[in-house]
Amino acid sequence: MSELQFRDPKLARSMAATLDRLVRETGRKIAVMHVCGSHEQAIAKYGLRSLFPKSLEVIMGPGCPVCVTDVPEVDESVLIAAQGARIATFGDMLKVPGSVKSLADAQASGAKIDIVYSPQQAVEIARSTKEEVVLFATGFETTAVATAAVILDNPPPNFSVLSVHKYIPPVMEIIAEMPESRIEGFLAAGHAATITGSAVFEPFVERHKIPVVIAGFEPNDIMAGLVELVELIRAKTPHVVNMFPRCVTLEGNLAAQKQLWRVFRPMGGRWRGIAHVPNGNLRLRDEFAHLDARKRFPIDLTSLWDYAPPALAGQCICGDIMAGIRNPNDCRLFNRECVPENPVGACMVSNEGTCKIWHLYGGVPDLEASA
Ligand code: SF4
């Protein structure tokens, strides 16, 4: 398929017609979920929701790693920064609220924060200074692989990692088991599956009888993925289908998986606003304890309890949005008190957050009404 066909409007409309027919054949409304900010960006940027049948709801789940970084995890980074260490992290993390402070607030009070684009860059900063440099390592398995690589590459002694990496497959279990969940199928992210392989979703499908389709990120990748997903739902044939074979294989990138699981162990932990997710967090194995910032710095979260939380924080419904129960239009702060320049919740901070994406592109455009 040529690059143009990935964005060919005629092809997209033809797939939209197929989607419409398939949904009609089920005779009911269908809700499916994707778990990736890049999918939501493409859906919103290209106005794909205007092509979806009205009876098909395509919901963004907990696919924004910044958004699911929990409040105490941000607090940990703020407390380490307060001890004089340099925090190296991705730009999106700066404004994510902790219980009383974000890293941006800490920076305004004199903390040293470096914005990096890769874990390797954090190591380079550590090599250029005698100061302690802590990589505040966020992201899903795709990013965790890059963190694992620098840990295995003999980083300098003044480098350590505060890992808040998350692992996607376990949170899909949580969503599927929520009593209020309406999700009948998942569109899985092609880049994560490039690492894990398509086979990682087989046990989930076996357990929950919910189909999973792996899709790429061009508009017609997403349309084709949805056609396949709705067809599996209509036919009541829950399978894993790889619609991104130009990058994803059954077994995935075995070398990357080996590095990932050598460095990290999965453990349970909270995802912001969602729930405790068994095996959803990635922590350094004991072998790498000397590089674990949690072991290197004293972290007393109770020291923050004396401060009052930000006034509007209690009204944020990010958790419900990421669980697919509500959308940004249901939040009374959306595009009013909460905007990217002054975010109340994490979903308005990151470029992969649903609220920020809907703020930038609009969420559910009705092109027929505006024609
Ligand atoms: Fe939270 Fe802001 Fe989104 Fe509302 S608009 S859910 S306050 S991030």
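The structure this text deals with has already been given above.
Because the structure is predicted, anything quoted here is derived from the model rather than measured.

Here Gly-197 lies in the loop between α10 (190–196) and α11 (202–208). The residues contacting Gly-197, other than those within four sequence positions of it, are Val-248, Thr-249, Leu-250, Glu-251, Gly-252 and Gln-257.

Read across the sheet, three strands follow the order β7-β12-β11 without closing on themselves; strand pairing throughout is antiparallel. Among the strands making up the open sheet, the edge pair consists of β7 (165–166) and β11 (264–271). Across the sheet, helix α13 (residues 254–263) lies against β11 and β12 (275–284), angled at about 70° from β11, the strand it touches most.

Most of strand β1 (residues 30–34) sits inside the fold, with five of its five residues counted as buried. Side chains Ile-30, Val-32 and His-34 of β1 all project onto a buried face; the interleaved residues Ala-31 and Met-33 project onto the opposite face, where all are buried too. Taken together, β1, helix α3 (residues 37–45) and strand β2 (residues 56–60) form a β-α-β motif whose crossover is right-handed. Here β1 pairs with strand β8 (residues 183–189) via three bridges, running parallel. When the bridges of β8 are listed, Ala-31 appears paired with Ile-183.

What follows concerns the sheet that holds strand β3 (residues 86–89). Reading across the sheet, the four strands line up as β4-β3-β5-β6 and stay open at both edges, with parallel pairing between neighbours. Each having just a single partner strand, β4 (113–115) and β6 (159–163) make up the two edges of the open sheet. In this sheet, neighbouring strand axes are inclined to one another by 25° on average, regardless of whether the strands run parallel or antiparallel. Pairing between β3 and strand β5 (residues 133–137): three bridges, direction parallel. Its bridge partner being in β5, Ile-87 is matched across the sheet by Val-134.

Right, let's talk about the site of the ligand for a bit. Taken together, 13 residues lie around the ligand, and Cys-316, Ile-317, Cys-331, Cys-338 and Cys-355 are the ones closest in. By residue class, the composition of the shell around the ligand is twelve nonpolar, one polar and no charged.

Parameters at a glance
- Residues numbered from 1 in each chain as written.
- Predicted model: local features only at pLDDT ≥ 70, side-chain atom pairs only at ≥ 80, totals over all residues.
- Heavy atoms only, no water.
- Helix = DSSP H or I, 4+ residues; strand = E, 2+ residues; numbered from the N terminus.
- Contact = heavy atoms within 4.5 Å.
- Pairing = 2+ DSSP bridges.
- Axes fitted to C-alpha atoms, helices over the stretch in contact; angles between N-to-C directions.
- Buried < 20%, exposed > 50% of the residue type's maximum accessible area, 1.4 Å probe, protein only.
- Right-handed = clockwise from strand over helix to strand, strands pointing away.
- Near = heavy atom within 4 Å.
- Nonpolar A, V, L, I, M, F, W, Y, C, P; charged D, E, K, R; others polar.

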